[in-house]
Amino acid sequence: MLSRTADHLFWMSRYMERAENTARMLNVSYETSLLPQSAAAVEAGWEGILSISELLPSYLSLYKSINPRDVMAFMVKDVDNPSSIISCLRAARENARAVRGTLTTEVWETQNQTWLEVNRMLKSGEFERDPGQFFEWVKFRSHLSRGVTVGTMLMDESLYFMRMGTFLERADNTARLVDVKFHAMNNDFFGAPQYGAPETESTQEYDFYHWSAILRSVSGFEVYRKVYRDVIRPERVAELLILRPDMPRSLHASLNEVVSNLALVSHDRESDTLRHAGRLRSELAFGRIDEILATGLHAYLTQFLDRVNVLGGRISREFLMPSAA
């Protein structure tokens, strides 16, 4: 496969996944902001969204304060923000258009229709009237895109690069989400013993809404209940989203998909890229949450994000960047 074609397929899937992840985070923050809480807590929640995407400086250069209306406008329909939903859907569509002949008709029409429809919805004011419904629509279009891709594309290198892009983006986003939400406690998280003060009814209630919001942002609330059958505990939330291979949006599950698809396109079993990805996956497969918490969750996730970025760079150099003629 031409590296230029692989590049477009890889980034088409990454941008579609990024749009969904952004919609998930915004939807949960929007619903959480409607709960009774202090203005400072509301602002901290929206600031976390900007921090996850590393967009806080860009936002503050445009707006004077952090509030739900401005953050959602910036993250949904600001065409100058490369990580906004409108920018991600535009980039996904443009990458799809560049390799139209490689895609099935269903895959192309899904991407194109999503782009046309999101423009209509934003121009008609549907987003402002019901943000929650708009975010659900973005998630649905991403689900549809993945389903049509798996259901109609030939199982060859084109599909493998698309799947690789999807799950590399998902691993990056889940790690950022867990890091920012846990770090919102104003210090690193080393497990339950750090809570020196006895829990009160109000702190237990806050904890429930805080952790359940994190789980809902990755469609993990029902999964948590099924797996643990217990009250929501931070250590188990971290374990579910980092180490569980049967949780679809966990780091472990995402790396399983990245490695398996990378192995299918790699002609060299001794490839440094494949070895790097395999080592990262093996640490998740054999890791334990108590060991991760012993060294600090923030430190662990920061290192993981660095290694995922290195992996993305290796994939680009080995497979995606067109060689000079």
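Residues numbered from 1 in each chain as written. Predicted model: local features only at pLDDT ≥ 70, side-chain atom pairs only at ≥ 80, totals over all residues. Heavy atoms only, no water.

A short note on the overall build of the protein
For the protein, the helix and strand inventory stands at 16 helices and zero strands. For 325 residues, the compact-globule estimate of 2.2 N^0.38 gives 20 Å, and the C-alpha radius of gyration of the protein, at 20 Å, lies within 12% of that figure. Projected onto the principal axes, the alpha-carbon positions of the protein cover approximately 65 × 50 × 40 Å. Relative to its 325 residues, the protein shows a buried fraction of 54%. Here the analysis covers contacts within the protein between residues at least 6 apart in sequence; of these, 67% occur between residues at least 24 apart. Put simply, the protein shows about 15400 Å² of open surface, and 53% of that area lies on carbon and sulfur atoms. Averaged over its 37 positive side-chain charges, the protein has a centre that lies 4 Å from the centre of its 42 negative ones. (Helix = DSSP H or I, 4+ residues; strand = E, 2+ residues; numbered from the N terminus. Rg over C-alpha atoms; globule rule 2.2 N^0.38 Å. Buried < 20%, exposed > 50% of the residue type's maximum accessible area, 1.4 Å probe, protein only. Contact = heavy atoms within 4.5 Å. Areas by Shrake-Rupley, 256 points an atom, 1.4 Å probe, with all protein chains shown as cover. Lys, Arg positive; Asp, Glu negative; His and termini not counted. Charge placed at Lys NZ, Arg CZ, Asp CG, Glu CD.)

Brief notes about the side chain of serine 84
Mapped onto the fold, serine 84 is located in the loop between α4 (68-76) and α5 (85-98). Among all residues touching serine 84, those that are not within four sequence positions of it are Phe74, Met75, Val76 and Asp78.

Concerning the packing of aromatic side chains
With the rule as written, the count across this model stands at eleven aromatic pairs. Each ring, one from phenylalanine 161 and one from phenylalanine 319, has its centre 5.9 Å from the other, and the planes form 65°; the classification is edge-to-face. Of this pair, phenylalanine 161 sits in helix α9 (residues 157-183) while phenylalanine 319 is found in helix α16 (residues 297-320), placing the two residues 158 residues apart along the sequence. Like phenylalanine 161, the residue phenylalanine 319 is buried in the burial classification. (Phe/Tyr/Trp six-rings, centres within 6.5 Å; stacked < 30°, edge-to-face > 60°.)

Notes on the packing of helix α6 (residues 105-124) against helix α8 (residues 131-152)
Packing of α6 against α8 leaves a shortest axis separation of 9 Å and a crossing angle of 170°. Relative to α8, the element α6 is oriented roughly antiparallel. Contacts between α6 and α8 pair Glu106, Val107, Thr110, Gln111, Gln113, Thr114, Glu117, Val118, Met121 and Leu122 from the former with Phe134, Trp137, Arg141, Leu144, Ser145, Val148, Thr149 and Thr152 from the latter. (Axes fitted to C-alpha atoms, helices over the stretch in contact; angles between N-to-C directions. Parallel < 35°, antiparallel > 145°, perpendicular 65-115°, else oblique.)

Regarding the pattern of salt bridges
In this structure the tally under the stated criterion is 24 salt bridges. Ionic pairing is found between glutamate 20 and arginine 249, a salt bridge with its closest N-O pair at 3.4 Å. Of this pair, glutamate 20 sits in helix α1 (residues 3-33) while arginine 249 sits in the loop between α12 (234-242) and α13 (251-265), placing them 229 residues apart in sequence. The two residues glutamate 20 and arginine 249 agree in class, both being buried. Between lysine 77 and glutamate 128 there is a salt bridge; the shortest N-O distance is 2.3 Å. One end of the pair, lysine 77, is in the loop between α4 and α5; the other, glutamate 128, is in helix α7 (residues 126-129), with 51 residues separating them in the sequence. Take glutamate 128: its relative accessible area is 42%, and that puts it in the partly exposed class. Via salt bridges that share partners, Glu17, Glu20, Arg24, Arg146, Arg170 and Arg249 belong to a single interconnected network. (Salt bridge = Lys/Arg side-chain N within 4 Å of Asp/Glu carboxyl O.)

Considering the nonpolar core
One broad trend across soluble globular proteins is that nonpolar side chains are buried collectively. Counting 87 residues, the largest nonpolar core has Phe134 and Ile242 as the members making the most contacts within it. Once you skip the residues sitting within four places of it in the chain, isoleucine 242 turns out to touch Ser250, Leu251, His252, Leu284, Ile292, Leu297, Tyr300 and Leu301. Judged by nonpolar contacts, the second largest core, of eleven residues, contains Leu9, Leu103, Val107 and Leu159. (Core = buried A, V, L, I, M, F, W, Y, C linked by side-chain atoms within 4.5 Å.)

Description of the packing of α1 against α5
Packing of α1 against α5 leaves a shortest axis separation of 8 Å and a crossing angle of 160°. Comparing their axes, α5 and α1 come out roughly antiparallel. As for how α1 packs across α5, the hand of that crossing is left-handed. Facing His8, Trp11, Met12, Tyr15, Met16, Arg18, Ala19, Thr22, Ala23 and Leu26 of α1, the residues of α5 in contact are Ile85, Cys88, Leu89, Ala91, Ala92, Asn95, Ala96 and Ala98. Looking at the contact of α1 with α5 residue by residue, the classes come out as 14 nonpolar, three polar and one charged. (Left-handed = near helix turned anticlockwise from the far one by under 90°. Nonpolar A, V, L, I, M, F, W, Y, C, P; charged D, E, K, R; others polar.)

Some details on unusual backbone geometry
The phi dihedral of glutamate 54 is positive, around 55°, even though this residue is not glycine. The topology assignment puts glutamate 54 in the loop between α2 (39-52) and α3 (56-60). Positive phi, normally seen in glycine, also occurs at arginine 229, with a value near 50°. Turning to its location among the elements, arginine 229 is positioned in the loop between α11 (221-228) and α12. Relative accessible area serves as the criterion here: at 71%, arginine 229 is assigned to the exposed category.

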